[in-house]
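Here are the chains, one letter per residue:
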Amino acid sequence: MSLTRIGVIGAGTMGSGIAHVCASAGLHVTLIDVSAEALKRGLAAVDDILQRQVRKARICETERAATLARVTTTVDYADLAEADLVIEAATENLELKLRILRQIEEVAGSDTVIATNTSSISITQLAAILQRPARFIGLHFFNPVPAMKLLELIRGLQTDDRTHALVDEFATRIGKTPINVDNAPGFVVNRILIPMLNEAIFVLQEGLASAQDIDTGMQLGCNHPIGPLALADMIGLDTLLAIMQVLHDGFADPKYRPARLLKDLVSAGHLGRKSGRGFYPYASALRGNSNE
Ligand code: NAD
């Protein structure tokens, strides 16, 4: 058996990207959200990616239309009855995710694999509310989904080998490279990346170097494509703080304490690119001075 009929819950940033990569791999996707407007936006996001691919001559117009036609949108969870794999990619909120997972299990077949794209919630904890926790797994995609090759496969304590093998094959089929990860706060990539960004903020806070010099240091000294503070602004400082708090709470280890400057910037509403100001200003041309 392989997973070919895919349900995706949530048509936001990640859900639309996941729908795109699945449909592009020839799989049939049922995309679910709470309203017709949210679904319209999600489908438009899928089409935007496809149109960009047509402009870059990566796919032709016929392929664009055929790929889009493989995505069906609905607000009705009952339409998941035939799905082999349902990927939950709704808003990051524990209560909401628990409710959605129960809803999926009510309508899905007993063999259906259920996955979550959560960035921070324990896979083992989510699995615990399911009737068939062995069929549940974390599938952590990276943003933007069409461009990022990595897929973290996160086994909860309950996940069985069959479920893992099926999603491993699915990952390869949609053109991603899977890595196997045990369930722990931050999984692997965020566990390493986010404290590194937090450390760059400590360095700035201590006045060791300017924001621009910290970023230049990591770009030219470590070959990073973007400096840590510019990346923090791109991710969103509120998101960064939330992940640091998950690591700090989850491990109860002071090495994960968020930098005071990060907390201050979030309190001030300086959230990075999305608010027009973080370590750099974004309203006009990007200037590299944290004091601006
Ligand atoms: P988003 O806000 O862009 O989209 C969330 C969508 O879920 C919205 O369209 C919302 O209407 C929908 N939704 C809410 N309740 C629902 C319900 N009951 N049924 C169906 N749909 C519902 O969020 P996002 O950035 O796409 O994040 C989604 C998930 O992916 C989160 O768990 C997040 O932690 C995770 N994630 C995000 C990123 C990222 O960089 N954005 C990266 C990896 C993982």
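We now turn to the structure provided with this report. (Residues numbered from 1 in each chain as written. Predicted model: local features only at pLDDT ≥ 70, side-chain atom pairs only at ≥ 80, totals over all residues. Heavy atoms only, no water.)

In this section: the overall build of the protein chain. Summing up its helical and strand segments, the protein chain has eleven helices and eight strands in all. Computed over the C-alpha atoms, the radius of gyration of the protein chain is 20 Å, within 12% of the 19 Å expected from 2.2 N^0.38 for a compact globule of 292 residues. For the protein chain, the spread of C-alpha atoms along the three principal axes comes to 55 × 45 × 35 Å. Out of the 292 residues belonging to the protein chain, those deemed buried represent 45%. Considering only contacts within the protein chain whose residues lie at least 6 apart along the sequence, 65% involve residues at least 24 apart. Of the accessible surface of the protein chain, which amounts to about 13700 Å², a share of 52% is contributed by carbon and sulfur atoms. Between the centroid of the 28 positive side chains of the protein chain and the centroid of its 32 negative side chains there is a distance of 4 Å. (Helix = DSSP H or I, 4+ residues; strand = E, 2+ residues; numbered from the N terminus. Rg over C-alpha atoms; globule rule 2.2 N^0.38 Å. Buried < 20%, exposed > 50% of the residue type's maximum accessible area, 1.4 Å probe, protein only. Contact = heavy atoms within 4.5 Å. Areas by Shrake-Rupley, 256 points an atom, 1.4 Å probe, with all protein chains shown as cover. Lys, Arg positive; Asp, Glu negative; His and termini not counted. Charge placed at Lys NZ, Arg CZ, Asp CG, Glu CD.)

Look at helix α7 (residues 189-205) against helix α9 (residues 228-235): their axes get within 9 Å of each other, and the N-to-C directions meet at 115°. Here the hand of the crossing between α7 and α9 comes out left-handed. Here α7 contributes L193, I194, M196, L197, A200, I201 and L204 to the contact with α9, which in turn contributes P228, L229, L231, A232 and I235. Taken together, the residues of the contact of α7 with α9 sort by class into twelve nonpolar, no polar and no charged. (Axes fitted to C-alpha atoms, helices over the stretch in contact; angles between N-to-C directions. Left-handed = near helix turned anticlockwise from the far one by under 90°. Nonpolar A, V, L, I, M, F, W, Y, C, P; charged D, E, K, R; others polar.)

Another point: the site of the ligand. Around the ligand sit 23 residues in total, of which M14, D33, Y77, E92 and K97 are the nearest. D33 has a polar side-chain atom sitting 2.7 Å from an oxygen atom of the ligand. Here an oxygen atom of the ligand sits 2.8 Å away from a polar atom, N or O, in the side chain of K97. Calculation on the ligand without its partners gives an accessible area of 840 Å², and the protein chains cover 76% of this total. At the level of secondary structure, the elements contributing two or more residues to the shell around the ligand comprise α1 (13-24), α4 (94-107) and β6 (136-141). The dominant element in the shell around the ligand, judged by the number of residues it contributes, is α4, at three residues. (Near = heavy atom within 4 Å. Polar contact = N/O pair within 3.5 Å; in protein donor to acceptor, adjacent residues only side chain to side chain.)

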